[in-house]
Number of protein chains: 2
Amino acid sequence: MEILLAPYSGFCFGVKRAIQIALEAANKPPVFTTGPLIHNPQMVQELEKKGIKVMENPDELHNSTVIIRSHGITKQENEILLRNGNTIIDATCPFVAKAHEYAQRLTQEHYPILILGDHTHPEVEALLSYCDGETIVISSPKELPEFQWQRLGVISQTTMDLASLREVINALIPCVKELRLFNTICTATSQRQEATVALAKKCDLMIVIGGHNSSNTRMLTKLSSEITPTLQIETAAELKPEVIMGKQRIGISAGASTPDYLIVQVFNRIKEITGDRTTVKSVEDIPVNKEES
Amino acid sequence: MEILLAPYSGFCFGVKRAIQIALEAANKPPVFTTGPLIHNPQMVQELEKKGIKVMENPDELHNSTVIIRSHGITKQENEILLRNGNTIIDATCPFVAKAHEYAQRLTQEHYPILILGDHTHPEVEALLSYCDGETIVISSPKELPEFQWQRLGVISQTTMDLASLREVINALIPCVKELRLFNTICTATSQRQEATVALAKKCDLMIVIGGHNSSNTRMLTKLSSEITPTLQIETAAELKPEVIMGKQRIGISAGASTPDYLIVQVFNRIKEITGDRTTVKSVEDIPVNKEES
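Residues numbered from 1 in each chain as written. Chains lettered and ligands numbered in written order. Predicted model: local features only at pLDDT ≥ 70, side-chain atom pairs only at ≥ 80, totals over all residues. Heavy atoms only, no water.

**Student:** Requested: an account of the nonpolar core, with residues and values cited.
**Tutor:** Formed by 42 residues in total, the largest nonpolar core has its most connected members in Ile-169 and Leu-172 of chain A together with Ile-169 and Leu-172 of chain B. Ranked by the residues each element gives to this core, the list is headed by helix 6 (residues 162-172) of chain A, at five residues. Sequence-distant contacts of Ile-169 of chain B, defined by excluding residues within four places in its chain, comprise Ile-169 and Ile-173 of chain A together with Val-154, Leu-179 and Leu-181 of chain B. (Core = buried A, V, L, I, M, F, W, Y, C linked by side-chain atoms within 4.5 Å. Buried < 20%, exposed > 50% of the residue type's maximum accessible area, 1.4 Å probe, protein only. Helix = DSSP H or I, 4+ residues; strand = E, 2+ residues; numbered from the N terminus. Contact = heavy atoms within 4.5 Å.)

This is how it looks when you write it as structure tokens:
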């Protein structure tokens, strides 16, 4: 039985940056984050051990050091934090911040805005706060309303899949005179999605590691499960032997907010289940899938 | 044997308007047009009989009345005409003029521009004169260069097919951060294309009537010939009996610059070939295809 890891698995640039910013700030406690810093409960627990506490409600924070989560916060939450005398450390992913900038630009130029994303996700909630005019959020091409627009701005959640964005634009072309698309799907997202799909094509089981609340991880699971049986787990403890046994080739992929040590633990647990006592210590020791499609 | 006409066949709004403008101007000869007013040699001959002469080179015209053709002319040609003391009557199709406006806007805002269209067509030549910065013309999705753009404006020739525009945009989405599409394919074009395709699906021969130099007619021929045997002709004289005989259902479609009398002549000629002596006098008497797809 072979186990292969999808290239680009694990932390993306924005997540690495947010953790680094948080750890630097942790030297001067008390430090809070607005919502979980990243969508990985295990990593958030690790950060809590270092004194970084998660606060859900910005109203509760006064005169503290507050780290803005990688997904960003709304304009209104930011104002509350400042009004209450907090010191803000911004760990918003620069690609997410870029989307805010585009939303503001489209708003200033009076474009109605269509956002492709999950309206309950904090990234989209924050993005929405920068859209002051007519705004529509759809989570999939199926939700596209049958309108005609003179002009329309389109932005997507950074973790959307390219196929859905293409489908939306394809449907919009005959309905919009001027279509202004800011493709805000981040490179890290596309790379992880492509690598996961390529690996799924050659495996009889895919294991996607990442927070059940992580949008980009869930998208990897969705895309992979369209190709081969796929299981999403947060930790190795969720792995049941009966799922592993009898498989020829198992692929591992991990979301952009999944720390390396969780990937290593899953790899070693699969080995253990199959009776193989050799283990790896680092994610660099796991064989990586080299084929691109 | 049945003969059906595709809905929307013949003159579009822009062509009707250009002819009306030209005929009104013909009351005060000498009157010239810059290139053929529309891409239909037979209709242009009719206009010549009324004293409207075609001039290819704007340099030759001084102190005359000049009608700008439906496809528009370049900014430079317009300047020459004015410098030489001509009186300009603008019969540019308003949808084409709109595309010039979009090209100017994109140029002013420093977008590189991609034009989907035939770079040898007068409409595209005129459009290009309004693009002062980096500009690329491609006639089909296959010619799309493999670039990455920070921002890109896209405009199409008004007679392009929607499928090609969609294919181009689909390919561009991952290569462009900000894609600003002005969908300048005119409604008349889409309607004629859809009606022709719908009719072609139920016929064993399609006859598309229109100028061999007419871009929108050639596009109808292209789309129809992908479905069923298709013949493009300018006049009934081109119809050979052996092409008609033995057919079950013949479809007729006509470009946006084809006058009604040419459609009537083709219909009557088919009837004549098949030995049917009943003729129609007006295009309104020809049975129209009612199915949409």
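Still more to cover.
**Student:** Describe the interface of chain A and chain B, and please don't skip the residues or the numbers.
**Tutor:** Across the boundary between the two partners, chain A contributes 20 residues, which contact 21 residues of chain B. Between chain A and chain B, a total of about 1,800 Å² is buried, with carbon and sulfur atoms accounting for 47% of that surface. A per-residue breakdown of the area chain A buries against chain B is headed by Arg-166, Ile-173 and Lys-177 of chain A, which together make up 32% of the total. Counting across the interface, chain A meets chain B through 12 residue pairs in polar contact (both at pLDDT 80 or more). Of all the secondary structure elements, the ones that give two or more residues to the side of chain A that touches chain B are helix 4 (94-108), helix 6 and strand 9 (176-182) of chain A. Looking at the side of chain A that touches chain B, the element that brings in the most residues is strand 9 of chain A, giving seven residues. Counted by class, the side of chain A that touches chain B contains 13 nonpolar, two polar and five charged residues. Relative to strand 9 (residues 176-182) of chain B, strand 9 of chain A is paired through five bridges, and the arrangement is antiparallel. (Buried area = accessible area lost by both parts, 1.4 Å probe. Polar contact = N/O pair within 3.5 Å; in protein donor to acceptor, adjacent residues only side chain to side chain. Nonpolar A, V, L, I, M, F, W, Y, C, P; charged D, E, K, R; others polar. Pairing = 2+ DSSP bridges.)

**Student:** So what's going on with the confidence of the model for chain A? Residues and values would help.
**Tutor:** Fine structural detail should not be taken from predicted coordinates in areas where pLDDT scores are low. Across chain A, the average pLDDT comes to 94, with 99% of residues at 70 or higher. Both scores are given for the predicted complex: the pTM is 0.88, the ipTM 0.86. (pLDDT = per-residue confidence, 0-100.)

**Student:** Just give me the short version of the domain arrangement of chain A, but keep the residues and values in it.
**Tutor:** Residues and elements named next belong to chain A. The domain boundaries assigned to chain A delineate domain 1 (2-10 + 188-285), domain 2 (13-93) and domain 3 (95-185). Averaged C-alpha coordinates put domain 1 and domain 2 at centres separated by 29 Å. Taken together, the contact pairs 12 residues of domain 1 with eight residues of domain 2. Interface area, domain 1 with domain 2, both sides summed: about 800 Å², of which 53% is carbon and sulfur. When the buried area of domain 1 at its contact with domain 2 is split by residue, Asn-213, Ser-257 and Tyr-261 rank highest and sum to 51% of it. Linking domain 1 to domain 2 there are zero salt bridges. On inspection of domain 1 and its partner domain 2, the count reaches four residue pairs in polar contact (both at pLDDT 80 or more). Counted by class, the side of domain 1 that touches domain 2 contains four nonpolar, seven polar and one charged residues. (Domains from an automatic or database assignment. Salt bridge = Lys/Arg side-chain N within 4 Å of Asp/Glu carboxyl O.)

**Student:** Outline the pairing of strand 7 (residues 135-138) of chain B, supporting the account with residue identities and numerical values.
**Tutor:** If a strand is regular, its side chains alternate between the two faces of the sheet. Residue and element names in this part refer to chain B. Taking every second residue as pointing to the same face, the buried face of strand 7 carries Ile-136 and Ile-138, while none of Thr-135 and Val-137 on the other face is buried. For strand 6 (residues 113-116) and strand 7, the ladder comprises four bridges, and the chain directions are parallel. Within strand 7, the position partnered with Leu-116 by the bridge is Ile-138. Note on the crossover from strand 6 through helix 5 (residues 122-128) to strand 7: the handedness is right-handed. (Right-handed = clockwise from strand over helix to strand, strands pointing away.)

**Student:** Could you give an account of the relation of the copies chain A and chain B, naming the residues involved and the relevant values?
**Tutor:** These two copies of the chain differ by a rotation about an axis and a displacement along the same axis. Least-squares fitting of chain A to chain B yields an RMSD of 0.0 Å, with the superposition described by an axial translation of 0.0 Å and a rotation of 180°. On this basis, the relationship between the two copies can be described by a two-fold rotation axis. Measuring from the rotation axis to each C-alpha of chain A, the shortest distance belongs to Arg-180 of chain A, at 2.2 Å. A share of 100% of interface residues in chain A that are also interface residues in chain B marks the association as one of identical surfaces. (Least-squares fit on C-alpha atoms with pLDDT ≥ 70 in both.)

**Student:** Describe unusual backbone geometry, listing the residues and the values that go with them.
**Tutor:** The backbone of Tyr-8 of chain A shows a phi angle near 70°, a positive value even though the residue is not glycine. In this structure, Tyr-8 of chain A sits in the loop between strand 1 (2-5) and helix 1 (13-25). The backbone of His-110 of chain B shows a phi angle near 60°, a positive value even though the residue is not glycine. Inspection of the secondary structure puts His-110 of chain B in the loop between helix 4 (94-108) and strand 6.

**Student:** A description of helix 1 (residues 13-25) of chain B should follow, citing residues and the corresponding values.
**Tutor:** A turn of α-helix holds 3.6 residues, and therefore any two residues three or four places apart point the same way. Residue and element names in this part refer to chain B. Here helix 1 contains 13 residues, and its C-alpha end-to-end distance of 18 Å stays within 8% of the 18 Å for a straight helix at 1.5 Å per residue. Residues of helix 1 that are buried include every one of Gly-14, Val-15, Ala-18, Ile-19, Ile-21, Ala-22 and Ala-25, and no others. Taken around the axis of helix 1, the buried residues stretch over an arc of 160°, which confines them to a single face. Buried residues belonging to helix 1 abut strand 2 (31-34), helix 2 (41-49), strand 3 (52-55), strand 4 (65-68) and strand 5 (87-90). (Expected span 1.5 Å × (residues − 1). Arc of directions from axis to C-beta.)

**Student:** Any details on the sheet that holds strand 3 of chain B? Residues and values, ideally.
**Tutor:** By definition, the strands of a sheet pair up through backbone hydrogen bonds, in either a parallel or an antiparallel sense. All names here are of chain B. Strands sit in the order 3-2-4-5 across an open sheet of four strands; the sheet is parallel. Strands at the two margins of the open sheet, each flanked by one partner only, are strand 3 and strand 5. Pairwise comparison of adjacent strand axes, ignoring direction, gives a mean angle of 35° for this sheet. By the bridge criterion, four bridges tie strand 4 to strand 5 in an arrangement that is parallel. Bridge pairing in strand 5 links Ile-68 to Asp-90. Along the sheet face, helix 3 (residues 75-83) touches strand 2, strand 4 and strand 5 and points at about 140° away from the line of strand 5. (Axes fitted to C-alpha atoms, helices over the stretch in contact; angles between N-to-C directions.)

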